[in-house]
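Summary of structural features
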Amino acid sequence: MKEALLLVFANKQDIPGAMTPQEVQERLKLSQLKDKIWYVVPSCATTGEGLFEGLVSGYALTEEGSPMNQSNALQGWLSNNVKTPPQKAR
């Protein structure tokens, strides 16, 4: 667990008054975690916003996700199993 990535989704971003990712970071005192990779992602579970981005960004922060070690297998799994929500027509 020492080398595990801590990925925190700051959910409910569609609701006025929801804590911002910065507020979540401060409340959880994430900056006090030493030798730990963490990332707070703004998200909205009902629309799926931020979920795919969080997984991809979180993976990119890990050693396995570094450009030299990037895994096509994981990218394929994400593409096949994590779908972004349909974009609304403008």
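These lines cover the structure that appears in this document, whether it is placed above or below. (Residues numbered from 1 in each chain as written. Predicted model: local features only at pLDDT ≥ 70, side-chain atom pairs only at ≥ 80, totals over all residues. Heavy atoms only, no water.)

1. Details of the nonpolar core
In this structure, V8, A10, V24, L30 and V40 together form the largest nonpolar core, which totals 5 residues. The contact partners of L30, leaving out residues within four places of it in the chain, are L6, V8, Q25, W38 and V40. (Core = buried A, V, L, I, M, F, W, Y, C linked by side-chain atoms within 4.5 Å. Buried < 20%, exposed > 50% of the residue type's maximum accessible area, 1.4 Å probe, protein only. Contact = heavy atoms within 4.5 Å.)

2. Points about the pairing of strand β1 (residues 6–10)
Relative to strand β2 (residues 38–42), β1 runs parallel, the two sharing 5 bridges. Across the sheet, L6 pairs through a bridge with W38, a residue of β2. In this fold, the crossover linking β1 to β2 by way of helix α1 (residues 21–27) has right-handed handedness. (Pairing = 2+ DSSP bridges. Helix = DSSP H or I, 4+ residues; strand = E, 2+ residues; numbered from the N terminus. Right-handed = clockwise from strand over helix to strand, strands pointing away.)

3. Quick look at helix α2 (residues 51–61)
Burial in α2 covers these residues: G54, G58 and Y59. One side of α2 carries all its buried residues, which in axial view fall inside an arc of 125 degrees. (Arc of directions from axis to C-beta.)

4. Digging into the side chain of S43
In this fold, S43 is placed in the loop between β2 and α2. Take S43: its relative accessible area is 3%, and that puts it in the buried class. With sequence-adjacent residues up to four places away left out, S43 is seen in contact with F9, A10, N11, K12, Q13, E49, G50 and L51.

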